[in-house]
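Tertiary structure, described
If you want the building blocks of each chain, they are given just below.
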Amino acid sequence: GGPMMGQGQRGPGSGPMQERMAERMKQDQQQLHDALKLNPDQEKAWVKFQESHVGGPGPMAQRPDPAEMAKLNAPERAEKMLEMMKQRQSGMEQHVAAMKTFYGQLNAEQKKTFDEHFMQRPERGGMRGPDGRGRGPGGPGAQPPAPPAK
């Protein structure tokens with residue numbers, strides 16, 4: 001696996017599926033990079049934009065350890081999920097800031113290419129595996145199933 005969240009990989013967050021998704025994302029980013037035809041100054045902003053992905057809001061970013069979650073009571077589990085959502089939000093805020101900085105350096109034609117790229121394949125939508133399963137910020141399958149709190 002690659003450098004994700006500064007913690008050791010564990011459980012279902014590592015393995016062939018994640019590697020395939022990471023490879024697909026890398027190819028996708030390379031296609032966008034090539035299509036944009038960046039100048040040297042824009043290239044620096046591109047690198048910063050790409051670095052904002054690392055350890056940020058990835059498809060498998062910091063999934064809870066099922067064994068650890070099983071030890072917690074319902075309020076503790078909810079607290080843990082909230083903590084993880086805050087971490088994801090913080091990562092996404094940094095990513096959006098880097099995207100805005102990069103986008104601000106593009107000319108009109110490059111902006112059009114960039115916009116089309118993200119309309120065709122929204123960042124989260126492109127994260128699903130070939131079987132249609134995957135995790136996004138919302139929508140079906142966004143959170144691992146938890147027993148109903150009754």
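First, a word on scope: everything that follows refers to the structure included in this document.

Quick notes on the rules
- Residues numbered from 1 in each chain as written.
- Predicted model: local features only at pLDDT ≥ 70, side-chain atom pairs only at ≥ 80, totals over all residues.
- Heavy atoms only, no water.
- Helix = DSSP H or I, 4+ residues; strand = E, 2+ residues; numbered from the N terminus.
- Contact = heavy atoms within 4.5 Å.
- Areas by Shrake-Rupley, 256 points an atom, 1.4 Å probe, with all protein chains shown as cover.
- Axes fitted to C-alpha atoms, helices over the stretch in contact; angles between N-to-C directions.
- Parallel < 35°, antiparallel > 145°, perpendicular 65-115°, else oblique.
- Left-handed = near helix turned anticlockwise from the far one by under 90°.
- Nonpolar A, V, L, I, M, F, W, Y, C, P; charged D, E, K, R; others polar.
- Buried < 20%, exposed > 50% of the residue type's maximum accessible area, 1.4 Å probe, protein only.

**Brief notes about the overall build of the protein**
Assigned secondary structure in the protein consists of five helices and zero strands. Along the protein, helices and strands appear, N-terminal first, in the series α-α-α-α-α. Expressed as a percentage of contacts within the protein between residues at least 6 apart in sequence, the contacts between residues at least 24 apart total 67%. Total accessible area on the protein is roughly 9,800 Å²; 57% of this is exposed by carbon and sulfur atoms.

**Quick look at the packing of helix α1 (residues 16-36) against helix α5 (residues 108-120)**
Relative to each other, α1 and α5 sit at 160 degrees, their axes nearing to 9 Å. Taken together, the axis directions place α1 and α5 in an arrangement best described as roughly antiparallel. In terms of crossing hand, the pair formed by α1 and α5 is right-handed. Together, Asp28, Leu32, Ala35 and Leu36 of α1 and Gln110, Thr113, Phe114, His117 and Phe118 of α5 make up the contact between the two elements. Of the residues that constitute the contact of α1 with α5, the class distribution is five nonpolar, three polar and one charged.

**Section: the side chain of histidine 33**
Positionally, histidine 33 belongs in helix α1. Classification of histidine 33 as buried rests on a relative accessible area of 18%. Setting aside residues no more than four positions away along its own chain, histidine 33 makes contact with Leu38, Glu43 and Trp46.

All we've got here are geometric facts, nothing functional implied.
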